[in-house]
Amino acid sequence: QVQLVESGGGLVQPGGSLRLSCAASGSIFGFNTMGWYRQAPGKQRELVAMITRGGSTDYADSVKGRFTISRDNAKNTIFLQMNSLKPEDTAVYYCNRAPLRLVVSWGQGTQVTVSS
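### Here we look at the sheet that holds strand 9 (residues 91-97)
(1) Moving on: Here we have six strands laid out as an open sheet, ordered 2-10-9-4-5-6, and mixed in their pairing. Each having just a single partner strand, strand 2 (10-12) and strand 6 (57-59) make up the two edges of the open sheet. Here the average twist between neighbouring strands, direction ignored, is 25°.

Following this line, the structure appears as structure tokens:
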């Protein structure tokens, strides 16, 4: 079973940038299409970006043009570059398999807070 550890979150001002990382370990069969999800207080968890093993990407409209997902298959690592951050991006960010139906369990996530 794949274990996932997110890192890179923090406090940033509106308009700022952060780069999140997700280290995965375990079976190669658990490292195919991956995504970044986020959950803000009082809101449902949202898939904001996904990437196939071959590098094809898709984004939620709310982050399109601002976030970039990437992966290093050799290192079993997923990244999320977040630019032009807005207060509404404040959430706990998680990496996992995508789509949601393939998720077995969640890691701790990493907190992103966008505030002036």
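This is not the end of the story, as more comes after the structure.
### Quick notes on the state of the cysteines
(1) Moving on: One pass over the structure, following the stated rule, counts one disulfide.
(2) Moving on: Here Cys 22 is linked by a disulfide to Cys 95, with a sulfur-sulfur distance of 1.7 Å. Disulfide Cys 22 to Cys 95: torsion about the S-S bond roughly 55°, handedness right-handed. One end of the pair, Cys 22, is in strand 3 (residues 18-25); the other, Cys 95, is in strand 9, with 73 residues separating them in the sequence.

### Description of the packing of aromatic side chains
(1) Moving on: One pass over the full model with this rule turns up two aromatic pairs.
(2) Moving on: Judged by centre distance (5.1 Å) and plane angle (90°), the ring pair of Tyr 37 and Trp 106 falls under edge-to-face. Of this pair, Tyr 37 sits in strand 4 (residues 34-39) while Trp 106 sits in the loop between strand 9 and strand 10 (110-114), placing them 69 residues apart in sequence.
(3) Moving on: A residue is classified by how much of its surface remains accessible, and Trp 106, at 30% relative accessible area, is partly exposed.
(4) Moving on: Residues Tyr 94 and Trp 106 carry aromatic rings whose centres are separated by 5.6 Å and whose planes lie at 65° to one another, so their mutual orientation is edge-to-face. Residue Tyr 94 is found in strand 9, and its partner Trp 106 is found in the loop between strand 9 and strand 10; the two are separated by twelve residues along the sequence.
(5) Moving on: Residue Tyr 94 is classed as buried on the basis of its relative accessible area of 11%.
(6) Moving on: Of the aromatic side chains, those joined through ring pairs into one cluster are Tyr 37, Tyr 94 and Trp 106.
(7) Moving on: The positively charged end of Arg 45 is found above the aromatic ring belonging to Tyr 94, 5.0 Å away from the centroid.
(8) Moving on: It is Arg 45 that lies over the ring of Trp 106; its NZ or CZ is 3.9 Å from the centre.

Parameters and conventions
- Residues numbered from 1 in each chain as written.
- Predicted model: local features only at pLDDT ≥ 70, side-chain atom pairs only at ≥ 80, totals over all residues.
- Heavy atoms only, no water.
- Pairing = 2+ DSSP bridges.
- Helix = DSSP H or I, 4+ residues; strand = E, 2+ residues; numbered from the N terminus.
- Axes fitted to C-alpha atoms, helices over the stretch in contact; angles between N-to-C directions.
- Disulfide = S-S within 2.5 Å.
- Phe/Tyr/Trp six-rings, centres within 6.5 Å; stacked < 30°, edge-to-face > 60°.
- Buried < 20%, exposed > 50% of the residue type's maximum accessible area, 1.4 Å probe, protein only.
- Lys NZ or Arg CZ within 6 Å of the ring centre and 35° of its normal.

Any functional reading would require information that these geometric values do not contain.
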